[in-house]
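# Per-entry structural report
Spelled out, the chains give:
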Amino acid sequence: MTGARRILLLGGGVGSYAVLKALRPHAEAVFVAEAAGVPNECAASTMADGAVTVSGWFPPWSPTARPDGEPRVVGELLDAAAAMSATHVVAIRETLVLPLSAHHQAFEDRGLTLCVPPERAVRSIHDKFALHRHALAHGVGVPAMRTVRETGEALAVAEALGYPVIVRSDVSAGSSGVRYAGDARALRGTVAGWLGEGRRVAISEYVAGAVEPSGVLVLGRDGRVLAETWLRKIRYASASRSCCLVTTGPPPGVEGLRELLAGLGFRGMAGIQLKRDDRTGRCVLVEINARPGQNSKIVLELWRRAGADPGRILLGAFEPPTGAPEFAPPAGLVGVSVPEDLMALYRALGRPSRAGARPDNPAPSPRLIARSFADSYLRRRCTVDSVSRSLVTDHRFFLRSVPALLGRIAAEPLGLVPWGDLDLLSRAGGHG
């Protein structure tokens, strides 16, 4: 079927590049879409056959309403797909995946395969309150959480739970819609701001612990898991950018997560974030994202190293089932994003301010930094991310994307995240 597919890839950046690299062997042509005035870094890649331009992307997405402007964007994308005789439209960024999920029928009417999860699943996953209910129904552990309607009620809930707490908005896309509040002052400012914007707000307990397993699951049309990968994040360049990963075995209780996704009719790639509660030793669900995450540039390379075909898996989620066996990489594989790892090293050695740091996130010592890098780069044969590889194979993309990537990281806060799990690198497969 390689010669039959013509793919329009929406969204740019390093995550989209990893997917572009995975899809390229399976398509006759791949075009990338960019919005006017917002260049798509993937357009510089030698793997792209060309670029199409639309006037703009979608307005901000809401799990409870469809904002004005979506029909115009959908119409432009349909016209662009027709102009290049596309068979598939693939979206990566959540700002595209979330609104497009409501328009499958429009693409099907044009004979196009829209490679994004269905609307019901997307709305249930990215509405934090709905996800909380679905998780409880499937026996998946979640932090205690209560919705609030005004600031005074939020302060009372936080006092009952005990500081620190997490403030949650209804909309979830990556780390957006989540704020850590260590005291009443921080809580008051966030809650008042979000309620003033008309958002729904909830206060949840803060789960203390430095063990944060992450899962990447790909489900097909029939609800069957096509690929499942569990990871621990060893180093971060910022709060939302992990730059060193190690594959592990699945944590206890993942059956409920699989059932949750299948029950919602989910298909495609889902990123799952868990956290182990130091008080109980059990993992609780932090969030699910209905699209490839920032670490796809590492994960898809780990799949290749383990003998899988990432493109076949990603496309298989939206095409008729083939009965291929489920893929899971072995535990103990280490993957790194070199540009982001260098930024993590620079920021760690620079000893940035730790104001507001969580007690389970101590600043790394020089000795810890050295041991962490030695364990991942020297003591194991690590797998390098797709962006770093592009320096040799696709240098135009590398030269255009890496400066922009480092600039985005430099503008982000370092974040309150664990750093340098040496024990995990020393023992393959465990969740600590």
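Higher on the page you've got the structure.
These lines cover the structure that appears in this document, whether it is placed above or below.

What counts and how
- Residues numbered from 1 in each chain as written.
- Predicted model: local features only at pLDDT ≥ 70, side-chain atom pairs only at ≥ 80, totals over all residues.
- Heavy atoms only, no water.
- Helix = DSSP H or I, 4+ residues; strand = E, 2+ residues; numbered from the N terminus.
- Contact = heavy atoms within 4.5 Å.
- Areas by Shrake-Rupley, 256 points an atom, 1.4 Å probe, with all protein chains shown as cover.
- Pairing = 2+ DSSP bridges.
- Axes fitted to C-alpha atoms, helices over the stretch in contact; angles between N-to-C directions.
- Phe/Tyr/Trp six-rings, centres within 6.5 Å; stacked < 30°, edge-to-face > 60°.
- Buried < 20%, exposed > 50% of the residue type's maximum accessible area, 1.4 Å probe, protein only.
- 1 Å grid on protein atoms, 1.4 Å probe; cavity = no way out; pocket = protein on both sides within 12 Å on 5 of 7 lines; lining within 4 Å.
- Points joined across faces, edges and corners; volume = space filled by probe spheres on them.
- Nonpolar A, V, L, I, M, F, W, Y, C, P; charged D, E, K, R; others polar.
- Left-handed = near helix turned anticlockwise from the far one by under 90°.
- Salt bridge = Lys/Arg side-chain N within 4 Å of Asp/Glu carboxyl O.

Bringing the overall build of the chain into the picture now. Regarding its fold elements, the chain presents 16 helices and 16 strands. Sequence-distant contacts in the chain: of pairs separated by 6 or more residues, those separated by 24 or more amount to 70%. Total accessible area on the chain stands at roughly 17300 Å², and carbon and sulfur atoms take up 55% of it.

The subject of this paragraph is the sheet that holds strand β4 (residues 88-91). Pairing in this open sheet of 5 strands is parallel, and the strands run β3-β2-β1-β4-β5 from one edge to the other. Lying at the two open borders of the sheet, with one neighbouring strand each, are β3 (50-54) and β5 (113-115). Neighbour to neighbour, the strand axes of the sheet diverge by 25 degrees on average, direction disregarded. Where strand β1 (residues 6-10) and strand β2 (residues 29-35) come together, 5 bridges link them in parallel fashion. Bridge assignment links Arg-6 to a residue of β2, and that residue is Ala-29.

Before going further, it helps to examine the packing of aromatic side chains. Going through the model one piece at a time under the given rule, you end up with 4 aromatic pairs. Between Tyr-17 and Phe-397, the aromatic rings sit 3.8 Å apart at their centres with planes inclined by 10 degrees, giving stacked as the arrangement. Pair noted here: Tyr-17 is in helix α1 (residues 14-23) and Phe-397 is in helix α15 (residues 395-411), with a separation of 380 residues, a long-range link. The residues Tyr-17 and Phe-397 share a single accessibility class, namely buried. Summarising the aromatic geometry, the rings of Trp-303 and Phe-327 are spaced 6.0 Å apart at their centres and angled 75 degrees between planes, so their arrangement reads as edge-to-face. You can see Trp-303 sitting in helix α10 (residues 296-305) and its partner Phe-327 sitting in the loop between α11 (310-316) and β15 (334-336), a full 24 residues away along the chain. According to the relative accessible area criterion, Trp-303 is buried, its value standing at 0%.

Inspection of the secondary structure puts Ser-16 in helix α1. Overall, Ser-16 belongs to the buried group, its relative accessible area being 1%. Look past the residues within four positions of Ser-16 in its chain and what remains in contact with it is Leu-9, Leu-10, Gly-11, Cys-42 and Ile-92.

Further remarks concern the side chain of Ser-401. Along the chain, Ser-401 turns up in helix α15. Excluding residues that lie within four positions of it along the chain, Ser-401 makes contacts with Glu-41 and Val-387.

A few words now on the layout of surface pockets. Leftover empty space is mapped by rolling, across the atoms, a probe with the size of a water molecule. In this structure, the second largest pocket spans a volume of roughly 460 Å³. Along the wall of the second largest pocket there are 23 residues; nearest its centre are Arg-312, Ile-313, Gly-316, Thr-322 and Ala-324. Broken down by element, the lining of the second largest pocket gets its largest block of residues, 5 residues, from α11. A breakdown of the residues in the lining of the second largest pocket according to their chemical character gives 10 nonpolar, 6 polar and 7 charged.

Direction vectors running N to C along helix α12 (residues 338-349) and α15 enclose 35 degrees, while the axes themselves pass 10 Å from each other. Of the two possible hands of crossing, α12 and α15 adopt the one that is right-handed. Between α12, through Pro-339, Glu-340, Met-343 and Arg-347, and α15, the contact on the second element is made entirely by Val-402, Leu-405, Leu-406, Ile-409 and Ala-410. Taken together, the residues of the contact of α12 with α15 sort by class into 7 nonpolar, no polar and 2 charged.

Here we come to the sheet that holds strand β11 (residues 225-238). Taken together, 7 strands build an open sheet; the order of strands is β14-β13-β10-β11-β12-β15-β16 and the sheet is mixed. Edge positions in the open sheet fall to β14 (283-289) and β16 (383-384), since each of these has one partner strand only. Sheet contacts for helix α9 (residues 254-263): β10 (213-219), β11, β13 (268-276) and β14; angle to β11, the most-contacted strand, approximately 110 degrees.

On to the pattern of salt bridges, then. Counted according to the given criterion, the structure contains 20 salt bridges. Residues Glu-301 and Arg-304 are paired through a salt bridge, measuring 3.0 Å at the closest nitrogen-oxygen approach. Here the residue Glu-301 and the residue Arg-304 both occupy positions in helix α10, the gap between them amounting to 3 residues, near one helical turn. Classification of Arg-304 by relative accessible area gives partly exposed; the value is 26%.

What follows is about empty space enclosed by the protein. Under the criterion given, the structure shown has 3 cavities of 30 Å³ or more. Along its surface, the largest cavity is lined by 19 residues, and Val-90, Cys-115, Pro-292, Leu-314 and Phe-318 are the ones closest to its centre. Elements with a contribution of two residues or more to the lining of the largest cavity: α1, β4, β13 and α11. Computed from the structure, the second largest cavity encloses a volume of approximately 130 Å³. Considering the residues around the second largest cavity, the lining is formed by 14 residues, among which Lys-128, Leu-131, Arg-168, Leu-285 and Val-286 are closest to the centre. At the level of elements, α6 (128-137), β7 (165-173) and β14 are the ones that each hand at least two residues to the lining of the second largest cavity. Here the lining of the second largest cavity is built from residues that sort into 9 nonpolar, 2 polar and 3 charged.

We now examine the pairing of β13. Regular strands show a simple pattern: their side chains alternate between the two faces of the sheet. Extensive coverage of β13 is indicated by the burial of 7 of its 9 residues. Two strands pair when backbone bridges link them, and β10 and β13 are joined in this way by 6 bridges, in the antiparallel orientation. Its bridge partner lying in β13, Leu-219 is registered against Gly-268. Counting the residues in the hairpin turn of β13 and β14 gives 6 residues, including Gly-281, whose phi is positive at 80 degrees.

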